[in-house]
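# Understanding the architecture of this molecule
Spelled out, the chains give:
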Amino acid sequence: MMNPNDTIVACTTPSGYSSIAVIRVSGGQAVTLLHKIFKSTQLNGEYSSHHVYHGHVVDPETNEVVDTALAVLFKSPNSYTGEDVVEISCHGNPLIVDRVVRTLNALGGRTAQRGEFTRRALINGKIDLIQAEAVLDTVNATCEQARRLAILQYEGKLSERIYDIRSKIIDSLFLVEAEIDFPEDEDIEYDPATIKNNLRTTVDEIDELLSGAAVGVKIKSGYRILITGRANVGKSTLFNRLVGCERAIVHEKPGTTRDYIEEDVQMRDIHVLLYDTAGMLSKATGPDEIAQQRTKALIHDADLVLMMFDGSEPMNEEDIFLYNLVKHKPKLLVVNKIDLNVRLTNESILSDSIKISAKTGKNISTLQRAVRDALLPHNFGGDVIITRHRHIDTLNRARACLIEAKNAPTIETMAYEMHCALNEIGELTGKTLRKEILDRIFEEFCIGK
Ligand SMILES: Nc1nc2c(ncn2[C@@H]2O[C@H](COP(=O)(O)OP(=O)(O)OP(=O)(O)O)[C@@H](O)[C@H]2O)c(=O)[nH]1
Ligand SMILES: [Mg+2]
């Protein structure tokens, strides 16, 4: 069992060899442990908070110098966890890290569980649950946009919006409950129409937050982009160009790619899972037929399709067949091989196409920009956006309670539904802490965070 009063210890930097590793200690014994394990070359008396001290990590059993290091003390409450925190920066050798952690363990520091430092920050009111989740998102962000959204949430911008919604519900509930308790009191400004209007406005605010959520979730998880086209149009050549290495086999013989390949790619400031697929042949049999069934399934799940044509050849029935297959998908039409003589003409289909040469790299940056613009709203940026299914689900439940409150047959039911909405909001910010929810969230963290 995890004891919240223990002093906890963990290496906060990745395991392996590095120039430095940071070992963090948090809890009531942190300063005592610092005195026992670290001999500063500069210290006169007590450690000052937020100062860096040069010195040696020493094994108190043997007085052996384990490493030369730097130590910083963050006195409670001005620390990450809100408790006394010590950070020792030693050399990034697993032997040293292990020895320091074991020595701290022997002196009474317990090895921290996953996310336990952040969990303590939450319990001690340094951050709320949205910010705690944002810590994880900041560490795991795979693209510039995901990093930006995570930092906004860690800085409390999403929480501010949620607290604003919460205080509006509380203001209305105050009047509703006053009316229930003191129906004769004429000083109470209870007006059912105004309350209903306030509830409507609050629902609108929730809707506004929810409206950006699908984009937020995608930015965090990554968009699925599929390259398709008939055999030999240059799909694998484009795939390799966008991935930045010779990942897929390219060959002049049609039907080279059979098993689809996927790779993580940065498309400007967003993270994309890019798929290279088998080319569509008009008469596919055997393995080709299976490959094409897979391509069709991938098309179904894709957020964006790059439909390629060979610019050096006239359009044929396979192009048209495939074009009809992706007609209703979000897509960009890409005409390849423009370094050769252009023989492709079909203005009705290709008027909006992007003309590239996957082989020479011509107009690839234009294509990357077009992909980014196709995925994100034109004026995207700056806003607070929801990026987690937990937030979407909780806000949807709070919203449903507010609608019930607005349509409630009695004032008591209205009050009850408003309380339910507040509970949901509390679950979102962590005000109502449910152990199983916290366990699930912090299970995703690494040890040391
Ligand atoms: N000139 C020229 N040739 C290209 C270009 N892109 C691809 N090719 C050539 O076209 C041939 C087919 O390229 P791939 O990338 O294998 O085509 P694919 O669409 O993946 O083909 P399948 O996997 O068979 O469906 C190769 O010989 C490439 O070198 C281009 O932009 N210009
Ligand atoms: Mg290929």
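Keep in mind that what you see is a predicted model, and the values were worked out from it rather than measured.

What follows covers the overall build of the protein. Across its full length, the protein holds 16 helices and 13 strands. In terms of overall size, the protein is more extended than a compact globule, its C-alpha atoms giving a radius of gyration of 29 Å where 449 residues would be expected to give roughly 22 Å. Each of the three principal axes of the protein carries a C-alpha extent, and together these read 80 × 80 × 35 Å. Burial analysis of the protein (449 residues in total) assigns 49% to the buried set. Long-range pairs, those at least 24 residues apart, make up 66% of the contacts in the protein with a sequence separation of at least 6. When the accessible surface of the protein is split by element, carbon and sulfur atoms take 50% of a total near 22200 Å². Treating the 52 positive side-chain charges of the protein as one cloud and the 64 negative ones as another, the clouds have centres 8 Å apart.

This paragraph deals with the site of ligand 1. Taken together, 23 residues form the shell around ligand 1, and within it K235, T237, G255, T256 and D339 come nearest. In the environment of ligand 1, an oxygen atom lies 2.8 Å from a nitrogen or oxygen atom belonging to the side chain of K235. One of the side-chain nitrogen or oxygen atoms of D339 is found 2.8 Å away from a nitrogen atom of ligand 1. Protein chains shield 92% of the accessible area of ligand 1, which is 650 Å² for the free molecule.

Turning our attention to helix α7 (residues 192–211). With 20 residues, α7 should reach 28 Å at 1.5 Å per residue; the first-to-last C-alpha distance of 28 Å fits that figure. Listing the buried residues of α7 in full gives I195, L199, T202, V203, I206, L209 and L210. Relative to the axis of α7, the buried residues are bounded by an arc of 115 degrees and lie together on one face. Projecting away from the buried face of α7 at angles above 90 degrees are the exposed residues A193, E208 and S211.

Here we have seven strands laid out as an open sheet, ordered β3-β4-β5-β6-β2-β1-β7, and mixed in their pairing. Lying at the two open borders of the sheet, with one neighbouring strand each, are β3 (38–40) and β7 (110–111). Note: β3 against strand β4 (residues 52–59), three bridges, orientation antiparallel. Paired with S40 across the two strands is G55, which belongs to β4. Contacting β2 (18–26), β3, β4, β5 (64–74) and β6 (85–92), helix α1 (residues 30–37) crosses the sheet at an angle of about 70 degrees to β3.

Summarising the element assignment, H391 is placed in helix α14 (residues 389–406). The residues contacting H391, other than those within four sequence positions of it, are I130, E133, Q153, L158, I386 and L428.

It is worth spelling out the coordination of the magnesium ion (ligand 2) at this point. Around a metal, the perfect tetrahedron of four donors has angles of 109.5 degrees, and the perfect octahedron of six donors has angles of 90 or 180 degrees. Each protein donor to the magnesium ion (ligand 2) is listed here as S236 (OG) and T257 (OG1); together their distances run 2.0 to 2.1 Å. Placement of S236 in helix α9 (residues 235–243) and of T257 in the loop between α9 and β9 (261–267) is noted, with a sequence separation of 21 residues between them. Judged by relative accessible area, S236 falls into the buried class, the value being 8%. Judged by relative accessible area, T257 falls into the buried class, the value being 12%.

As a further point, take the packing of aromatic side chains. Applying the stated criterion to the full structure yields two aromatic pairs. Ring plane angle 90 degrees and centroid distance 4.9 Å describe the contact between Y47 and Y53, whose orientation is recorded as edge-to-face. For the pair shown, Y47 and Y53 are each scored as buried. With a centroid separation of 5.8 Å and 55 degrees between ring planes, the pair formed by Y260 and Y275 is classed as tilted. One end of the pair, Y260, is in the loop between α9 and β9; the other, Y275, is in strand β10 (residues 270–276), and 15 residues separate them in sequence. Of note, R24 hangs over the ring of F117, and the distance from its end group to the ring centre comes to 5.3 Å.

Let's shift gears to the pairing of strand β1 (residues 8–11). Across a regular strand the side chains alternate sides, sitting on one face of the sheet and then on the other. With burial as the criterion, each face of β1 is covered, one bearing I8 and A10 and the other bearing V9 and C11. Alignment of β1 against β7, held across two bridges, turns out to be parallel. Across the sheet, V9 pairs through a bridge with T111, a residue of β7. Examined bridge by bridge, β1 and β2 share four bridges and lie antiparallel to one another. Directly across from V9, in β2, lies its bridge partner V25. Here β1 folds back onto β2, and the loop between the two strands holds six residues, one of which, G16, carries a positive phi near 115 degrees.

Cut-offs and rules
Residues numbered from 1 in each chain as written. Chains lettered and ligands numbered in written order. Predicted model: local features only at pLDDT ≥ 70, side-chain atom pairs only at ≥ 80, totals over all residues. Heavy atoms only, no water. Helix = DSSP H or I, 4+ residues; strand = E, 2+ residues; numbered from the N terminus. Rg over C-alpha atoms; globule rule 2.2 N^0.38 Å. Buried < 20%, exposed > 50% of the residue type's maximum accessible area, 1.4 Å probe, protein only. Contact = heavy atoms within 4.5 Å. Areas by Shrake-Rupley, 256 points an atom, 1.4 Å probe, with all protein chains shown as cover. Lys, Arg positive; Asp, Glu negative; His and termini not counted. Charge placed at Lys NZ, Arg CZ, Asp CG, Glu CD. Near = heavy atom within 4 Å. Polar contact = N/O pair within 3.5 Å; in protein donor to acceptor, adjacent residues only side chain to side chain. Expected span 1.5 Å × (residues − 1). Arc of directions from axis to C-beta. Pairing = 2+ DSSP bridges. Axes fitted to C-alpha atoms, helices over the stretch in contact; angles between N-to-C directions. Donors = N, O, S within 2.8 Å, 3.2 Å for Na, K, Ca; no water. Phe/Tyr/Trp six-rings, centres within 6.5 Å; stacked < 30°, edge-to-face > 60°. Lys NZ or Arg CZ within 6 Å of the ring centre and 35° of its normal.

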